[in-house]
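Summary of structural features
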Amino acid sequence: MDLTPLRCLNNSISRFIHLVTCRISTAMPAEKDYINLVSLLKLVKPVLDDITNHKAPLDEALSTECDELDTAVNEAREFLEKWSPKTSKILCVLQSKPLALKIQNSSVKLCGFCESSPSAQICIRESQNLKLGQLSEHIEEILKSQKDGKTNPSADHLTEIIESFSLRLSQELLNERIALEKEKQKAESSNIKTELDQISQILELISHIREFVEKIKSVNNVQIPSYFRCPLSLELMWDPVIVASGQTYERAHIQKWLDQGLVRCPKTNYELAHKNLIPNYTVKALIVNWCNENKVELSNNSDKVEDVFEARKVLEEEGSVQSSPEHSYVHSRSESASSAVSSIDYASTAPEIGVSRMSVNYPFTPPNGASPSLSGKFYNSSKTISRMLSFPSDSLHNELTSTPHVEKLVNGLRSLSTEVQTASAGELRFLAKYNTENRVIIGQCGAIGPLISLLHSDNELIQEHSVTALLNLSIDENIKSRIAEEGALEPLIHVLKTGNTGAKENAAAALFSISLLDDYRVKIGRSGAVKGLVDLLKTGTVRGKKDAATALFNLSIFHENKARIVQAGAVKYLVGLMEPCSEMVDKAVALLANLSTIVEGCSAIAREGGIPLLVEIVDMGSQRGKENAASILLQMCINNSKYCRSVLQEGAVPPLVALSQSGTPRAKEKAQQLLSHFRNQRESAVARGRS
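Our subject in this report is the structure included herewith. (Residues numbered from 1 in each chain as written. Predicted model: local features only at pLDDT ≥ 70, side-chain atom pairs only at ≥ 80, totals over all residues. Heavy atoms only, no water.)

The next point concerns the overall build of the protein chain. Tallying secondary structure elements over the protein chain gives 34 helices and five strands in all. Looking at the 691 residues of the protein chain, the share that counts as buried comes to 54%. Summarising the internal contacts of the protein chain: among those between residues at least 6 apart in sequence, 72% fall at separations of at least 24. Per element, the accessible surface of the protein chain, about 30200 Å² overall, is 48% carbon and sulfur. (Helix = DSSP H or I, 4+ residues; strand = E, 2+ residues; numbered from the N terminus. Buried < 20%, exposed > 50% of the residue type's maximum accessible area, 1.4 Å probe, protein only. Contact = heavy atoms within 4.5 Å. Areas by Shrake-Rupley, 256 points an atom, 1.4 Å probe, with all protein chains shown as cover.)

Spelled out as structure tokens, the structure:
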């Protein structure tokens with residue numbers, strides 16, 4: 001009796017259960033269905049054991065049913081592996097339902113071949129009681145009514161969908177719209193008509209949800225006029241901009257739309273001729289007047305534009321030294337030909353950057369108005385100072401400033417007044433945020449030295465404004481060199497150790513920026529910064545940990561720094577960040593790939609329990625993660641034979657074989673080298689045994 005179909009099915013079920021147990025997230029809308037499928041498949045396993053023990057004959061029909069269930073389980077597993085929090089929630093539920101039902105039906109049919117078995121009876125009973133795909137029922141009903149020409153879904157159904165998929169928040173609704181538009185682009189390029197029709201119907205449903213949400217949204221119980229709402233987020237606009245189609249949107253939301261590679265106007269669906277965003281001062285003035293009349297506070301409370309988004313995006317791109325088809329960015333080591341090359345995609349995470357920012361209101365300033373002045377009676381006016389602390393909107397800071405104005409701000413940095421220092425550093429921070437010419441003017445006006453001095457300020461806000469201003473200025477290559485030459489390292493390390501959350505994160509990012517200068521990669525490593533970065537890796541927010549990992553990665557390119565990073569205890573925290581629930585698996589593995597090229601790094605990875613996690617990443621990680629995990633395992637096994645035994649005990653061979661056939665070119669090479677090393681080790685052991 002050929003038991004191959006049974007073994008394949010058993011293996012597929014085990015892999016599926018393991019994947020769901022390790023990877024399923026509450027963010028996935030079909031989470032309950034997958035958990036229920038795991039419970040069902042656990043009941044199928046004893047039935048397979050009964051068949052193996054000849055309690056049921058393995059005829060051709062049963063063998064076919066095993067193959068069908070095996071196919072269904074693998075299809076569901078592949079779907080789950082491809083899922084990410086950035087995919088459409090509604091599309092995920094609709095696509096996962098037929099996969100779940102296929103497993104359910106195949107399980108019942110398979111158990112029907114062994115009806116006399118108690119295990120099969122339990123499985124059939126539990127399967128019949130299982131309710132799968134319930135979350136999609138309301139969606140399917142609305143989509144069917146849309147297809148039949150009924151244009152107004154019931155409020156109850158819409159409310160149910162909004163609550164089930166957490167679409168009440170404007171950000172969630174925007175994310176769902178963007179995810180669907182990206183899927184639509186893929187379907188259009190692939191010319192898959194059925195999928196395109198389904199996505200178009202879901203987008204129509206999203207339009208109904210948006211209209212429904214717009215009716216029930218208000219501020220201070222005051223209904224917001226539709227023409228003051230951003231068409232993307234439905235929120236009151238505070239920084240309205242005009243796009244090429246002539247439509248007005250909130251800057252942060254349309255920028256997010258464009259950053260996702262979407263080229264059509266969300267409202268008109270026409271392709272945009274360019275991506276320029278022009279401030280709509282008329283609408284801004286009307287919104288301010290409406291807010292004043294209705295006693296509504298106009299502030300950026302919904303989705304803030306991060307202060308250093310642009311800075312980090314540019315800096316991380318500078319950190320890449322060569323591109324490859326498989327990776328967004330590849331950082332390579334230059335000083336050692338024998339070292340493994342680690343790859344990491346830091347820039348892809350730039351939108352996730354979170355920076356502590358002053359909670360301020362943004363009063364309207366006319367297009368030809370100047371920013372608040374620091375001269376004359378301004379210093380003596382507390383009212384004007386409080387006005388200064390409310391910075392103009394980003395659209396104004398994106399415009400060119402003047403040398404006299406910046407000189408006044410630089411004088412303000414030297415003021416004895418804490419309020420004036422705060423206001424001056426804060427405005428310089430925002431002026432340097434986007435505009436290249438502004439950075440040059442600020443650098444020429446002598447702001448760098450005073451900003452560095454303020455890094456030692458006892459005032460947390462001054463410290464945060466100053467470090468963020470320096471980070472934004474460091475986008476300019478010449479200014480970056482001057483920041484380093486004027487002695488910024490020690491003050492930045494001071495901020496890294498003593499600052500508030502936002503200041504620490506931006507200090508880490510600034511150190512990364514300076515580390516792009518070859519000479520300073522060595523100086524930073526010898527300056528004591530590594531300990532502060534490792535501490536941030538341990539205690540920081542997710543953003544802080546990412547900033548620390550980015551800086552440590554770049555420092556680790558210089559061979560001398562690897563031992564420092566290991567000795568500072570980084571490996572323990574990096575191994576913890578390889579857990580499937582972490583948002584930093586790829587970053588942690590990339591940095592560990594650099595550290596594994598020294599003996600101390602290999603020892604620390606093994607000591608901290610990294611081998612099982614690395615094998616799991618080789619099996620189920622991203623392409624980049626698999627590549628770097630295989631590289632680490634190869635370094636460890638070459639370094640010490642005892643690591644070979646540990647890696648083999650974790651079941652690394654099957655995923656390595658799969659990687660050697662379907663990974664990236666570098667991943668294939670590492671997997672093949674490691675498998676070859678295992679074979680050589682085994683042959684040597686056999687030869688020793690014979691002798």
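Right, picking up where we left off after that structure.
A full pass over the atoms with the stated rule returns three aromatic pairs. Seen in terms of ring centroids, Tyr227 and Phe228 are 4.8 Å apart; in terms of plane orientation they differ by 80°. Their pairing is edge-to-face. The class for Tyr227 is exposed, based on a relative accessible area of 60%. Exposure remark for Phe228: the relative accessible area of 7% places this residue in the buried category. Note on Phe228 and Trp290: the rings are 6.1 Å apart at their centroids and 65° apart in plane angle, and the pair reads as edge-to-face. (Phe/Tyr/Trp six-rings, centres within 6.5 Å; stacked < 30°, edge-to-face > 60°.)

Turning our eyes to something else, we now look at the environment of Lys433. Here Lys433 shows up in the loop between helix 16 (418-431) and helix 17 (436-444). Exposure remark for Lys433: the relative accessible area of 1% places this residue in the buried category. Taking C-alpha positions, Lys433 is 9.1 Å from Leu471, a pair spaced 38 residues apart along the chain.

Membership of the largest hydrophobic core comes to 103 residues, with the highest contact counts inside it found for Leu492, Ile514 and Met578. Not counting residues within four places of it along the chain, the set of residues in contact with Leu492 comprises Leu455, Val467, Ala507, Ala510, Leu511 and Ile514. Ile13, Leu19, Met28 and Cys66 belong to the second largest nonpolar core, which has 41 residues in total. (Core = buried A, V, L, I, M, F, W, Y, C linked by side-chain atoms within 4.5 Å.)

The complete set of buried residues in helix 29 (residues 599-607) reads Gly601, Cys602, Ala604 and Ile605. Angular distribution of buried residues about the axis of helix 29 spans 165°; they occupy a single face of the element. Contacts from the buried residues of helix 29 go to helix 26 (559-567), helix 27 (570-576), helix 28 (585-595), helix 30 (610-620), helix 31 (623-639) and helix 32 (641-649). Two residues or fewer past helix 29, Gly609 is found with a positive phi of approximately 75°. (Arc of directions from axis to C-beta.)

What follows is about the sheet that holds strand 1 (residues 240-242). If you trace the three strands from one edge of the open sheet to the other, you get 2-1-3, paired in antiparallel fashion. Looking at which strands have only one partner, the edges of the open sheet turn out to be strand 2 (248-250) and strand 3 (278-279). The sheet contact formed by strand 1 and strand 2 spans three bridges and is antiparallel. Paired with Ile242 across the bridge in strand 2 is Thr248. Each of strand 1, strand 2 and strand 3 touches helix 10 (residues 251-259); the most contacted strand, strand 2, lies at about 95° to it. (Pairing = 2+ DSSP bridges. Axes fitted to C-alpha atoms, helices over the stretch in contact; angles between N-to-C directions.)

Turning our eyes to something else, we now look at the side chain of Ser12. Structurally, Ser12 is set in helix 1 (residues 4-23). Polar side-chain contacts of Ser12 include one of 3.3 Å to the side chain of Asn74. In contact with Ser12, not counting residues within four places along its chain, are Asp70, Val73 and Asn74. (Polar contact = N/O pair within 3.5 Å; in protein donor to acceptor, adjacent residues only side chain to side chain.)

A surface patch of nonpolar side chains, about 190 Å² in accessible area, is lined by Leu648, Val653 and Val657. Secondary-structure assignment places Leu648 in helix 32. (Patch = residues over 30% accessible without salt bridge, like charges linked within 9 Å, V, L, I, M, F, W, Y side chains within 5 Å. Salt bridge = Lys/Arg side-chain N within 4 Å of Asp/Glu carboxyl O.)

Look at helix 22 (residues 501-515) against helix 25 (residues 542-556): their axes get within 8 Å of each other, and the N-to-C directions meet at 20°. On the basis of the axis angle, helix 22 is roughly parallel to helix 25. For the pair helix 22 and helix 25, the sense of crossing is left-handed. Between helix 22 and helix 25, the residues in contact are Glu505, Ala508, Ala509, Phe512 and Ser515 and Arg543, Gly544, Asp547, Ala548, Thr550, Ala551, Asn554 and Leu555, respectively. Class assignment of the residues belonging to the contact of helix 22 with helix 25 gives a composition of six nonpolar, four polar and three charged. (Parallel < 35°, antiparallel > 145°, perpendicular 65-115°, else oblique. Left-handed = near helix turned anticlockwise from the far one by under 90°. Nonpolar A, V, L, I, M, F, W, Y, C, P; charged D, E, K, R; others polar.)

Going through the model one piece at a time under the given rule, you end up with zero disulfides. Cys123 carries a free sulfur, and the closest cysteine sulfur to it, the one in Cys111, is 3.2 Å from it. Counting only cysteine sulfurs, Cys637 is the nearest neighbor of Cys644, a cysteine outside any disulfide, at a range of 3.7 Å. Under the relative-accessibility criterion, Cys644 is labelled buried at 4%. (Disulfide = S-S within 2.5 Å.)

Let's shift gears to helix 10. Regarding helix 10, the residues found buried are Arg251, Ala252, His253, Ile254, Trp257 and Leu258. Following helix 10 by one or two positions, Gly261 adopts a phi angle in the positive range, close to 85°.

What follows deals with the environment of Leu455. By the secondary structure assignment, Leu455 is in the loop between helix 18 (448-453) and helix 19 (460-473). According to the relative accessible area criterion, Leu455 is buried, its value standing at 0%. Measuring from C-alpha to C-alpha, the distance between Leu455 and Ala488 comes to 8.9 Å, with 33 residues separating the pair along the chain. If we skip the residues at most four places from it in the chain, Leu455 touches Gln463, Ser466, Val467, Leu470, Pro491, Leu492, His494 and Val495.

Right, let's talk about unusual backbone geometry for a bit. Generally, phi is negative for residues other than glycine and the peptide bonds are trans, each holding for most cases. Located in the positive-phi region is Leu234, a residue other than glycine, with phi close to 70°. Summarising the element assignment, Leu234 is placed in the loop between helix 9 (193-216) and strand 1. Look at Leu234 and you get buried, because its relative accessible area is 4%. The phi angle at Asn269 is positive, at roughly 70°, despite the residue not being glycine. Within the element layout of this structure, Asn269 appears in the loop between helix 10 and strand 3. Overall, Asn269 belongs to the partly exposed group, its relative accessible area being 36%.

Following the criterion strictly, the structure yields 13 salt bridges and no others. Glu464 serves as the salt-bridge partner of Arg429, at 3.6 Å between the closest nitrogen and oxygen. Residue Arg429 is found in helix 16, and its partner Glu464 is found in helix 19; the two are separated by 35 residues along the sequence. Like Arg429, the residue Glu464 is buried in the burial classification. Across the salt bridge formed by Asp535 and Lys531, the nearest N and O atoms sit 2.9 Å from each other. Within this pair, Asp535 and its partner Lys531 are both found in helix 24 (residues 529-539), separated by four residues, close to a single helical turn.

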